[in-house]
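One letter stands for each residue in the lines below.
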Amino acid sequence: MQPVYHPGTVALSILIAAFASYVSLDLASRVRAHDRLASAGWVVAGALVMGSGIWAMHFVGMLAMQLPIEIGYRPGITLLSWAAAVATSALALYIATRDRLDALLLGGGALAMGAGICAMHYIGMAAIALVPALEIDPWWAGLSVLIACGASAAALKIFFWMRQLRGAQVRLAQGAAALVMGLAIAGMHYSGMAAAHFPAGAVCLSTDGLGGQSLGAWVGAATAVLLLISLFTAVLDARLSAKAQRLARSLNQANGQLAQVALADPLTGVANRMLLEDRLGHALDRADRANEGRRSGQVLARLALLFVDLDGFAAINDSFGHGTGDRVLKDMALRLRGCLRDADSVSRVGADQFVLLLEDMAGEADALAVAQRVQEAVGRPVDLGERPLTLSCSIGIVIYPDHGRRDRLLSHAEAAMHQAKRAGGAGWALFDQAMGADARAQIELQEDLRAALQRDELLLHYQPKVDAGNGQIRSLEALVRWQHPRHGLLGPGQFIPVAERFGLINALGGWVIREACRQLGVWSRQGLRLRVSVNLSVHQVRQGHVVEQIEAALREHGVSAEQLTCEITESVAMEDTAATQAMLAGLARAGVKLSIDDFGTGYSSLSYLCKLRPQELKIDRSFVQDLEHSADARAVVDAIIHLARALRLTVVAEGVETRDQAEVLLALGCDELQGFFFARPMSVQALVAGGLLTSDGQDPVEFTASAYLPLG
């Protein structure tokens, strides 16, 4: 009997073969994209789907065959043919999981897969029980075997070749390859069908088994649904994998940004202290390894730290605002980077402080050359739009291993910087051991000062201000002293800088205010009405709550606000900042008198002087010291006195040390005099013992100078 094939069903079988090939290629790319357990799951699931697709192509192709007799298929043998297709697909997907395809794997895999496909085909044909039996043409059968093995080899090559593709290329290549593979599978099937010979007059004994066009359509539809589900799952997995990759990239990017935030200064972008310490540790390790083989003390590798502090940067923030200050810091960071080699680094370790790490230094000369470049770079004008601004810097330099242990380098560099700052700034200083001792002494002193604030080791001395006309004591200036348990009585010059450097100045200033008000309260209860002036540091002025401190101290000790005078320096008084203006306005509302200290040394604005309305101007001691031999100094003092008289202000001259100075000031019309010529700062007990607090019976009580005072 000669079979006839239905064209539509043949076309359907070819489409199923092509579609099964497309899904197979997609599955082959999935089995390597997961961990071992997931990969095994994809192999099993993929073998079921891929094998069912190939088997469905064979089954639909068999249904396309039309014979004059009714055909049926024995279920058990048909199931066995499906199992052969699934096993062959599992083998193909397992090979696709391998890292590479060598000749042995290609040849063996192609033969095994070809044999499996042929087994699926001929077992499926054997499910037809014919009498007499079905005859097979060996030539056509051999051709089908060759096609099956060739198609398997081509499939394996395509599996591995597609790994090299990316993006849209993958889908295009996958579609074209699926069409080629589908035609190859269909070619194998129909060449195998051509090998089958149905004897004339044969009878099918399996008509009661699987058969009928309805059953074939149902199987084809079910298989198509299975393939679609598989394809959908693969696409979903691909999208989830892509999303996971995007999330992983985003996480890596976020981790990188977090690391950048953690290790970089957010304003300037240079390294922060944490990253500096890490880099310094690695640099020191490299230097130590290089120096392990040094001969006769020869140092083979040195590194240098340059601690850079911008001189006067706080005034920029206060005068121009923090926005301008930030712009200046960014510009300075860029300039410092430009002074370095690629192997060097710059870090920001404080508000206006940077540290430069220099590796492979030959010696001090190399570090000094960099310091010179840094000073020149910092000294170039900064363009702020309205007018250029010029800065300078103080640089502390430390060389390793010349200047001490590795764990002290940063502190030694900072100590050298402070030495350069004390020398007037705009320069550099190399570290020496004396600086290290000074740094340690300052640290110990600040620790003692913290304890002194708790142990009542501080005290106030008072220096009289004497009326220039009659010698009466108008008021007293409170000056802080420290009765140190080991070093004895310390003056403010010995511990005020330490308090400012280590952030204790506000606590210290608050203690002075409270103690001065307490003593005023004691004197008031004794019937003595005095005025006392206290000095406010720039830090107290800027802290924002000094007025509240003063008002609370006055209330606590029952002192009238007019008994207290606050002295601030001229440069602080003229600051056009919100904090300064708010503080001065608060003092005025509270009724506390304001005195401008060091007048004549800053850059006074008469408009500000009128707006502030202080009650007192204090002529700086530098002018007083030159009165005897400098006409310019006398002219300045005379001008200040005339200005004060025009504004109805009291003028106080401080630092009066000789009779000649006092007589010149008297002649010029100064209101009050203060200095060692009259009295040194002294304790309350010394004031009483010296007879300086004797009442003349007037109300309110005034205090006359003792007979030994020159103007008494």
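Residues numbered from 1 in each chain as written. Predicted model: local features only at pLDDT ≥ 70, side-chain atom pairs only at ≥ 80, totals over all residues. Heavy atoms only, no water.

**Focus: the state of the cysteines**
Part 1 of the reasoning: Within the structure shown, the criterion is met by 0 disulfides.
Part 2 of the reasoning: Cysteine C149 shares no disulfide, and the gap to the nearest cysteine sulfur, in C118, comes to 6.2 Å. (Disulfide = S-S within 2.5 Å.)

**Structural notes on the packing of aromatic side chains**
Part 1 of the reasoning: One pass over the structure, following the stated rule, counts 3 aromatic pairs.
Part 2 of the reasoning: Seen in terms of ring centroids, W482 and F495 are 5.6 Å apart; in terms of plane orientation they differ by 85°. Their pairing is edge-to-face. Separated by 13 residues along the polypeptide, W482 in strand β15 (residues 472-484) and F495 in helix α14 (residues 492-501) bring together distant segments of the chain. Pair check on accessibility: W482 and F495 agree, each one buried. (Phe/Tyr/Trp six-rings, centres within 6.5 Å; stacked < 30°, edge-to-face > 60°. Helix = DSSP H or I, 4+ residues; strand = E, 2+ residues; numbered from the N terminus. Buried < 20%, exposed > 50% of the residue type's maximum accessible area, 1.4 Å probe, protein only.)

**Considering the sheet that holds strand β7 (residues 302-311)**
Part 1 of the reasoning: With mixed pairing, 5 strands are arranged side by side in an open sheet as β8-β9-β7-β12-β13. Of all strands in the sheet, those with a lone pairing partner are β8 (345-350) and β13 (428-430), marking the two edges. For this sheet, the mean angle separating the axes of adjacent strands, direction not counted, is 20°.
Part 2 of the reasoning: One ladder, built from 8 bridges, connects β7 with strand β9 (residues 353-361); its direction is antiparallel. Within β9, the position partnered with L305 by the bridge is L357.
Part 3 of the reasoning: Across the sheet, helix α12 (residues 409-422) is in contact with β7, β9, β12 (392-400) and β13; its angle to β12 comes to roughly 140°. (Pairing = 2+ DSSP bridges. Axes fitted to C-alpha atoms, helices over the stretch in contact; angles between N-to-C directions. Contact = heavy atoms within 4.5 Å.)

**Thoughts on helix α17 (residues 546-557)**
Part 1 of the reasoning: With 12 residues, α17 should cover 16 Å at 1.5 Å per step; its first-to-last C-alpha distance of 17 Å lies within 8% of that length.
Part 2 of the reasoning: Those residues of α17 that sit buried are V546, V547, I550, A553, L554 and H557. Down the axis of α17, the buried side of the element spans an arc of 130°, and every buried residue falls inside it. Across α17 from its buried face, at more than 90 degrees, point the exposed residues R555 and E556.
Part 3 of the reasoning: Note on α17: the residue one or two positions beyond its end, G558, has a positive phi of about 65°. (Expected span 1.5 Å × (residues − 1). Arc of directions from axis to C-beta.)

**Topic: the confidence of the model for the protein chain**
Part 1 of the reasoning: When pLDDT is averaged along the protein chain, the result is 78; 78% of the residues meet or exceed 70.
Part 2 of the reasoning: Low confidence marks residues 695-712, where pLDDT is under 50. Its contacts with residues over four positions away, or in another chain, come to 44 contacts. (pLDDT = per-residue confidence, 0-100.)

**Notes on the side chain of Q375**
Part 1 of the reasoning: Mapped onto the secondary structure, Q375 falls in helix α11 (residues 364-379).
Part 2 of the reasoning: In this structure Q375 touches C393, I395, A426, G427 and W428, once residues within four positions along its chain are discounted.

**Some details on the packing of helix α22 (residues 631-646) against helix α23 (residues 659-668)**
Part 1 of the reasoning: Running from N to C, α22 and α23 point in directions that differ by 40°, and their axes come no closer than 10 Å. Taken together, α22 and α23 sit at an angle that is classed as oblique. For the crossing formed where α22 meets α23, the hand is right-handed. Together, R634, V637, D638 and I641 of α22 and V664, L665 and L668 of α23 make up the contact between the two elements.
Part 2 of the reasoning: Residue composition of the contact of α22 with α23, grouped by class: 5 nonpolar, no polar and 2 charged. (Parallel < 35°, antiparallel > 145°, perpendicular 65-115°, else oblique. Left-handed = near helix turned anticlockwise from the far one by under 90°. Nonpolar A, V, L, I, M, F, W, Y, C, P; charged D, E, K, R; others polar.)

**A word on the pairing of β12**
Part 1 of the reasoning: In terms of residue burial, β12 counts as a mostly covered element, since 8 of its 9 residues are buried.
Part 2 of the reasoning: The pairing of β7 with β12 spans 9 bridges and is antiparallel. Bridge pairing in β12 links L310 to C393.
Part 3 of the reasoning: With respect to chirality, the unit in which β12 leads through α12 into the neighbouring parallel β13 is left-handed. (Right-handed = clockwise from strand over helix to strand, strands pointing away.)

**Some remarks on unusual backbone geometry**
Part 1 of the reasoning: With omega at 10°, the peptide bond leading from Y400 into P401 counts as cis.
Part 2 of the reasoning: Within the secondary structure, P401 sits in the loop between β12 and α12.
Part 3 of the reasoning: Positive phi, close to 55°, is recorded for D360, a residue that is not glycine.
Part 4 of the reasoning: As for its placement among the helices and strands, D360 is situated in strand β9.
Part 5 of the reasoning: In this model, R648 sits at a positive phi of 60°, which is unusual for a non-glycine residue.
Part 6 of the reasoning: Mapped onto the elements of the fold, R648 is located in the loop between α22 and β21 (650-654).
Part 7 of the reasoning: In this structure R648 comes out as exposed when scored by relative accessible area, which is 69%.

**Digging into the environment of G425**
Part 1 of the reasoning: By the secondary structure assignment, G425 is in the loop between α12 and β13.
Part 2 of the reasoning: Taking relative accessible area as the criterion, G425 reaches 17% and is therefore assigned buried.
Part 3 of the reasoning: In contact with G425, other than residues within four places in its own chain, are D311, S394 and A420.

**So, the pattern of salt bridges**
Part 1 of the reasoning: With the rule as written, the count across this model stands at 19 salt bridges.
Part 2 of the reasoning: Here K618 and E477 are joined by a salt bridge, their closest N and O atoms 3.1 Å apart. One end of the pair, K618, is in strand β20 (residues 616-619); the other, E477, is in strand β15, with 141 residues separating them in the sequence. E477 matches K618 in its accessibility class, with the two residues each being buried.
Part 3 of the reasoning: A salt bridge links E654 to K618; its shortest N-O distance comes to 3.5 Å. You can see E654 sitting in strand β21 and its partner K618 sitting in strand β20, a full 36 residues away along the chain.
Part 4 of the reasoning: Judged by its relative accessible area of 7%, E654 is buried. (Salt bridge = Lys/Arg side-chain N within 4 Å of Asp/Glu carboxyl O.)

**A word on the side chain of Q519**
Part 1 of the reasoning: With respect to the helices, strands and loops of the structure, Q519 is situated in helix α15 (residues 505-525).
Part 2 of the reasoning: Given a relative accessible area of 7%, Q519 falls into the buried group.
Part 3 of the reasoning: Each residue touching Q519, except ones within four places of it in the same chain, is listed here: Y462 and V684.

**Some points on the pairing of strand β14 (residues 458-467)**
Side-chain direction in a regular strand flips from residue to residue, so the side chains alternate between the two faces of the sheet.
Part 1 of the reasoning: The buried fraction of β14 amounts to 9 of the 10 residues, a majority that puts the element mostly inside the structure.
Part 2 of the reasoning: The sheet contact formed by β14 and β15 spans 9 bridges and is antiparallel. Residue L460 lies in a different strand from β15, and its bridge partner there is V480.
Part 3 of the reasoning: Counted along the chain from β14 to the antiparallel partner β15, the turn is 4 residues long, and its residue G471 has a positive phi close to 80°.
Part 4 of the reasoning: Note that β14 and strand β22 (residues 672-674) share 2 bridges and pair antiparallel. Bridge pairing in β22 places D467 opposite E672.

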